[in-house]
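Residue-level structure breakdown
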Amino acid sequence: MSSFSVAKNKIDPTRRATALKPDGTIDENDRVEIGPTDVAFAEWAALGLTPPNLERMRKTRLDRIVQQLRQRDYAGVLCFDPLNIRYATDSSNMHLWIMHNPSRAVFVSADGYVVLWDFHRCGHLSEHLPLVNEIRAGGAGFYYFVSGDQEEAVAKDFAGQIDELLLTHGGKNRRLAVDKIEIPGLRALDAAGIEICNGMQLMEHARAVKGIDEINAMRCSLATCEIAVAKMRQLLRPGIAETELWSVLHAENIARGGEWIETRILTSGPRTNPWMQEAGPRRIAAGDLVAFDTDMVGPYGMCADFSRTWFCGDGRPSDEQRRLPAIALKHITTNMELFQPGISFTELTQRGHKLPKEFVDQRYGIMIHGIGLCDEYPAIYYPEDFIPGAFDYALEPGMTLCVEAYVGAVGGREGVKLEEQVLITEDGYEKLTKCPFDAALMS
């Protein structure tokens, strides 16, 4: 058992009068809070998985943000990115819509005071979260769709609220980390005399090391994803469209309380090369390779991100169809064997497995990346794409990573995508993905 595993949570029956779900949240059919379905909990129990304790997970995340603020001597951090808002508060409201309509924000002070600005008349969605000290309605949307030609006026009012919070919780400290912000908001904060610092760097570093409950949440999300992928495998047959097969992952994820899919990368036959083509109406034929990347934001908002390549039909794969996955598997396996606490990201780039020359031009965009609520820091590049000084850091226990490989030659008929999700432990790594590779391709 990994040191990042714990025994199942035992709920004290005297703690609350209300029944609780396995993750410690209220078991009430009409509750506002979203979360896994009974189907998901039953499947996880059958697999021997421990759901996260959400109360403890939320507190751990907030503590990590506060720790990063104090290390940098910032008075607070202001987040508009919906995944940073989720990390800081576990509040959920229209994440995908908010990604392109920034109407929500959260302020976290260095003493752990949390203020959430939600979309109009949406405060009730977060009233169950005790670590959120205040919920303020509206005011955080100063982009054209919601504020029109009064963007600057709305931003000025918002900046005044931030100024007041800094005075209350930061005293003379005017250093505020901001992850991303619309131009009127940036100008208003500047005009208020607030020193803007790099909030995305702070939040990425806070999110990089996972606590036990985040790891348990990730195990559960991966299990849900693997159940959905198994259903995809059952339905793969000659004649099914790429989009039909891809829809299964969405449906099974949502049915278990999962949230969305980041991409739509599932292709077949000649559409597997070059990579990054999106699922389309193409009918999959017997003898085709089918490759996909899950990029699935599952239950608890945790990303399950692995890739597999399958052979369609009952025939025998060609020699080339077996050669490509063998190279991809060697690539990710060799790179995983380098994982240990303390190894630098630069060293991983330098010592990583070298793809055969014929596959270098179409290499994947990144060799290794962090994973949590989505693709996260760190980004560990191939030597050809290395950015000196960008990531001068090292692996730490509790980091979770994805190891990637795309193997497809320029002008080749097909390509193969493989990817594994892993946890860095005190003495190495643990592979979190359990989904099998296609035996026909690996023989």
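Calculation rules
- Residues numbered from 1 in each chain as written.
- Predicted model: local features only at pLDDT ≥ 70, side-chain atom pairs only at ≥ 80, totals over all residues.
- Heavy atoms only, no water.
- Helix = DSSP H or I, 4+ residues; strand = E, 2+ residues; numbered from the N terminus.
- Rg over C-alpha atoms; globule rule 2.2 N^0.38 Å.
- Buried < 20%, exposed > 50% of the residue type's maximum accessible area, 1.4 Å probe, protein only.
- Contact = heavy atoms within 4.5 Å.
- Areas by Shrake-Rupley, 256 points an atom, 1.4 Å probe, with all protein chains shown as cover.
- Lys, Arg positive; Asp, Glu negative; His and termini not counted.
- Charge placed at Lys NZ, Arg CZ, Asp CG, Glu CD.
- Arc of directions from axis to C-beta.
- Pairing = 2+ DSSP bridges.
- Axes fitted to C-alpha atoms, helices over the stretch in contact; angles between N-to-C directions.
- pLDDT = per-residue confidence, 0-100.
- Parallel < 35°, antiparallel > 145°, perpendicular 65-115°, else oblique.
- Left-handed = near helix turned anticlockwise from the far one by under 90°.
- Nonpolar A, V, L, I, M, F, W, Y, C, P; charged D, E, K, R; others polar.
- Phe/Tyr/Trp six-rings, centres within 6.5 Å; stacked < 30°, edge-to-face > 60°.
- Lys NZ or Arg CZ within 6 Å of the ring centre and 35° of its normal.
- Core = buried A, V, L, I, M, F, W, Y, C linked by side-chain atoms within 4.5 Å.
- Salt bridge = Lys/Arg side-chain N within 4 Å of Asp/Glu carboxyl O.

**Brief notes about the overall build of the protein**
Counting its regular elements, the protein contains 13 helices and 17 strands. Whereas a compact globule of 443 residues would reach a radius of gyration of roughly 22 Å, the protein reaches 23 Å, a difference of no more than 12%. Burial statistics for the protein: of 443 residues in total, 56% are counted as buried. For the protein, contacts bridging at least 24 residues in sequence account for 67% of all contacts bridging at least 6. When the accessible surface of the protein is summed, it comes to about 18500 Å², and 53% of that surface belongs to carbon and sulfur atoms. Positive and negative side-chain charges in the protein, numbering 47 and 62 respectively, have mean positions lying 3 Å apart.

**Here's the deal with unusual backbone geometry**
For the peptide bond that leads from Asn273 to Pro274, omega is 0 degrees, which places it in the cis range. For Pro274, the position within the fold is in the loop between β8 (266–268) and β9 (289–293). In this chain, Tyr377 is followed by Pro378 through a cis amide linkage whose omega measures 5 degrees. Residue position: Pro378 is located in strand β14 (residues 375–380). Not every positive phi belongs to a glycine, and Asp90 is a case in point at roughly 65 degrees. We note that Arg121 has phi near 55 degrees; this positive angle belongs to a residue other than glycine. For Arg121, the position within the fold is in the loop between β3 (114–118) and β4 (134–137). Given the relative accessible area of 72%, Arg121 is considered exposed.

**Focus on helix α1 (residues 38–46)**
All of the buried residues along α1 are Ala40, Phe41, Glu43 and Trp44. Taken end-on, α1 shows its buried residues confined to a sector of 165 degrees, consistent with a single buried face. Summarising the geometry of α1, the exposed residues directed more than 90 degrees from the buried face are Asp38 and Ala46. Where the residues of α1 are buried, they touch α9 (212–235).

**Concerning the sheet that holds strand β1 (residues 76–79)**
Read across the sheet, six strands follow the order β4-β3-β2-β1-β5-β6 without closing on themselves; strand pairing throughout is mixed. Each having just a single partner strand, β4 and β6 (195–198) make up the two edges of the open sheet. Here the strands of the sheet are splayed against their neighbours by 25 degrees on average, with no regard to which way each runs. Across the sheet, helix α8 (residues 199–208) lies against β1, β5 (175–178) and β6, angled at about 40 degrees from β6, the strand it touches most.

**Considering the confidence of the model for the protein**
When pLDDT is averaged along the protein, the result is 95, and 96% of the positions lie at 70 or above. Every residue in residues 1–16 scores below 50 in pLDDT, and together they form 36 contacts with partners more than four places removed in sequence or on other chains.

**Digging into the packing of helix α6 (residues 151–170) against helix α7 (residues 183–191)**
Packing of α6 against α7 leaves a shortest axis separation of 8 Å and a crossing angle of 50 degrees. Considering the angle they form, α6 stands oblique to α7. In this structure, the crossing between α6 and α7 has a hand that is right-handed. Facing Glu151, Glu152, Ala155, Lys156, Ala159 and Ile162 of α6, the residues of α7 in contact are Pro184, Gly185, Ala188 and Leu189. Broken down by class, the residue content of the contact of α6 with α7 amounts to six nonpolar, one polar and three charged.

**What to know about the packing of aromatic side chains**
Each aromatic ring pair is specified by the distance between its two centres and by the angle formed by the two planes. Counted according to the given criterion, the structure contains 14 aromatic pairs. Look at Phe80 and Phe158: their rings are 5.9 Å apart centre to centre, the planes differ by 55 degrees, and that puts the pair in the tilted class. With Phe80 in the loop between β1 and α3 (82–89) and Phe158 in helix α6, this pair connects stretches of sequence that are 78 residues apart. Judged by its relative accessible area of 5%, Phe80 is buried. Grouping aromatic residues by their ring pairs yields a cluster made of Phe80, Trp117, Phe142 and Phe158. Between the NZ or CZ atom of Lys417 and the centre of the ring of Tyr364, over which it lies, the distance is 4.5 Å.

**Overview of the nonpolar core**
Counting 64 residues, the largest nonpolar core has Ile65, Val77, Val108, Val229, Met232 and Leu249 as the members making the most contacts within it. The leading source of residues in this core is α9, at 10 residues. If we ignore the near neighbours within four places in the chain, the residues touching Val229 are Leu249, Phe292, Thr294, Phe306, Trp310 and Cys435.

**A closer look at the sheet that holds strand β7 (residues 260–261)**
Here we have three strands laid out as an open sheet, ordered β7-β10-β11, and antiparallel in their pairing. Each end of this open sheet is capped by a strand with a single partner; those strands are β7 and β11 (303–304). For β7 and strand β10 (residues 296–297), the ladder comprises two bridges, and the chain directions are antiparallel. Bridge assignment links Trp260 to a residue of β10, and that residue is Val297.

**Section: the pattern of salt bridges**
Counting across every chain of the model gives 35 salt bridges. Arg175 is the partner of Glu195 in a salt bridge, and the nearest nitrogen-oxygen pair spans 3.4 Å. A residue pair is termed long-range when its members are at least 10 positions apart, and Glu195 in strand β6 and Arg175 in strand β5 qualify at 20 residues. Accessibility expressed as a relative area gives 42% for Glu195, which makes it partly exposed. A relative accessible area of 25% places Arg175 in the partly exposed class. Ionic pairing is found between Arg256 and Glu252, a salt bridge with its closest N-O pair at 2.6 Å. Classification of Arg256 as buried rests on a relative accessible area of 6%. Each of Glu33, Arg58, Arg86, Asp90 and Glu259 takes part in one network of salt bridges that share partners.

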